[in-house]
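Architecture at a glance
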Amino acid sequence: DAGVIQSPRHEVTEMGQEVTLRCKPISGHDYLFWYRQTMMRGLELLIYFNNNVPIDDSGMPEDRFSAKMPNASFSTLKIQPSEPRDSAVYFCASSWTGRTGELFFGEGSRLTVL
Amino acid sequence: QKEVEQNSGPLSVPEGAIASLNCTYSDRVSQSFFWYRQYSGKSPELIMSIYSNGDKEDGRFTAQLNKASQYVSLLIRDSQPSDSATYLCAVNGGGGKLIFGQGTELSVKP
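First, a word on what this report is: a plain description of the structure on this page. (Residues numbered from 1 in each chain as written. Chains lettered and ligands numbered in written order. Predicted model: local features only at pLDDT ≥ 70, side-chain atom pairs only at ≥ 80, totals over all residues. Heavy atoms only, no water.)

The strand order S1-S3-S8-S7-S6 (chain B) describes an open sheet built from 5 strands, whose pairing is antiparallel. Among the strands making up the open sheet, the edge pair consists of strand S1 (4-5) and strand S6 (54-58) of chain B. (Pairing = 2+ DSSP bridges. Helix = DSSP H or I, 4+ residues; strand = E, 2+ residues; numbered from the N terminus.)

Further remarks concern the packing of aromatic side chains. Aromatic rings in a pair are described by how distant their centres are and how their planes are angled relative to each other. For the structure on display, the rule yields 12 aromatic pairs over all chains. Where A:Tyr31 meets A:Tyr48, the ring centres are 6.4 Å apart and the plane angle is 25 degrees; that geometry is what we call stacked. Of the two residues, A:Tyr31 is situated in strand S4 (residues 31-38) and A:Tyr48 in strand S5 (residues 42-50); the sequence distance between them amounts to 17 residues. Taking the relative accessible area as the measure of exposure, A:Tyr31 reaches 10% and is therefore buried. Pairing A:Tyr35 with B:Phe100 gives two aromatic rings, centres 5.3 Å apart and planes at 85 degrees, and the pair type is edge-to-face. Residue A:Tyr35 is found in strand S4, and its partner B:Phe100 is found in strand S10 (residues 98-100); the two belong to separate chains. Exposure remark for A:Tyr35: the relative accessible area of 1% places this residue in the buried category. An aromatic cluster of at least three residues, connected via ring pairs, comprises A:Tyr31, A:Phe33, A:Tyr35, A:Tyr48, A:Phe91, A:Phe105, B:Tyr36 and B:Phe100. (Phe/Tyr/Trp six-rings, centres within 6.5 Å; stacked < 30°, edge-to-face > 60°. Buried < 20%, exposed > 50% of the residue type's maximum accessible area, 1.4 Å probe, protein only.)

Often the size quoted for an interface is simply the accessible area lost on bringing the parts together. Counting from both sides, the interface comprises 22 residues of chain A and, opposite them, 18 residues of chain B. There are 1 salt bridge connecting chain A and chain B. Close ionic contact of B:Lys97 with A:Asp56 constitutes a salt bridge, the shortest N to O distance being 2.9 Å. Of all the secondary-structure elements, those providing two or more residues to the side of chain A that touches chain B are S4 and S5 of chain A. Partitioning the side of chain A that touches chain B into residue classes produces 11 nonpolar, 6 polar and 5 charged. (Contact = heavy atoms within 4.5 Å. Salt bridge = Lys/Arg side-chain N within 4 Å of Asp/Glu carboxyl O. Nonpolar A, V, L, I, M, F, W, Y, C, P; charged D, E, K, R; others polar.)

Moving on, we get to the pattern of salt bridges. Any two side chains of opposite charge can pair, so long as their charged atoms come close to each other. On inspection of all chains with the given rule, the structure shows 14 salt bridges over all chains. The residue B:Arg60 makes a salt bridge to B:Asp83 at a minimum N-O spacing of 2.9 Å. Of the two residues, B:Arg60 is situated in the loop between S6 and strand S7 (61-66) and B:Asp83 in the loop between strand S8 (71-76) and strand S9 (85-92); the sequence distance between them amounts to 23 residues. When salt bridges that share partners are traced, they join A:Glu62, A:Arg64, A:Glu83, A:Arg85 and A:Asp86 into one network.

Cis geometry is found at the peptide bond from A:Ser7 to A:Pro8, where omega equals -10 degrees. Relative to the assigned elements, A:Pro8 resides in the loop between strand S1 (5-7) and strand S2 (10-13). Look at the link from A:Gln80 to A:Pro81: it is a cis peptide, with omega at -5 degrees. Turning to its location among the elements, A:Pro81 is positioned in the loop between strand S8 (74-79) and strand S9 (88-95). We note that A:Asn51 has phi near 50 degrees; this positive angle belongs to a residue other than glycine. Since its relative accessible area comes to 48%, A:Asn51 is described here as partly exposed. Unlike most non-glycine residues, B:Gln70 shows phi in positive territory, near 55 degrees. Among the structural elements, B:Gln70 can be located in the loop between S7 and S8.

As a further point, take the sheet that holds S1(A). Consider a sheet: its strands pair through backbone hydrogen bonds, and that pairing is either parallel or antiparallel. Residue and element names in this part refer to chain A. In space, the 4 strands of this open sheet follow the order S1-S3-S8-S7, with antiparallel pairing throughout. A single partner strand is all that each edge strand has here, and the edge strands are S1 and strand S7 (65-71). The sheet shows a mean angle of 15 degrees between the axes of neighbouring strands, direction not considered. Of the strand pairs in this sheet, S7 and S8 are connected by 5 bridges, and their pairing is antiparallel. Across the sheet, the residue bridging to Ala-67 is Leu-77, located in S8. (Axes fitted to C-alpha atoms, helices over the stretch in contact; angles between N-to-C directions.)

All we've got here are geometric facts, nothing functional implied.
Below you can see the structure in the form of structure tokens.
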């Protein structure tokens, strides 16, 4: 299996621009998680899905952030408009019902907002 | 109080020593606990999971869980320079939600 695939790996954009991060989970996994990691705040859970349905989005910072999972093999995290404080590494991870805490992480998308 | 707390370190140990990493959590109903390792610039990877009180051993790694004290630890025996990384404690918050601590940076000196 190819593992969790994220794109882009690096994104540099200017304040106010729209950013879209993409994730393909491991085939057969029914949980998908979006995390954000910064030095100051560590690894924060933004939102997670089960069977393509958002279960908990309480970690989404504000309305500028949105996430979708239109099917079992694809999810997006969108930031519009982006701000410098959104600069971070965004990780997507997946797992399955039998082992929900055993996450497989993608390589991450490093976002820099100037 | 944070849901999952760890000393940020850095924790420095000599090669061959035992490294001890600690974690406390606030939610008494948590049932499953995990240790992830993250090398600099890489993504976290699972190294241990523990679901019941007591010890669980896997090679040089031992996870210890004490639910009454809400305490989880990770021992690394015969530490190697390749063990130098940040170790993240994670607790299942229910419904599949996994909450991570800030991580403890471990440095193993040759």
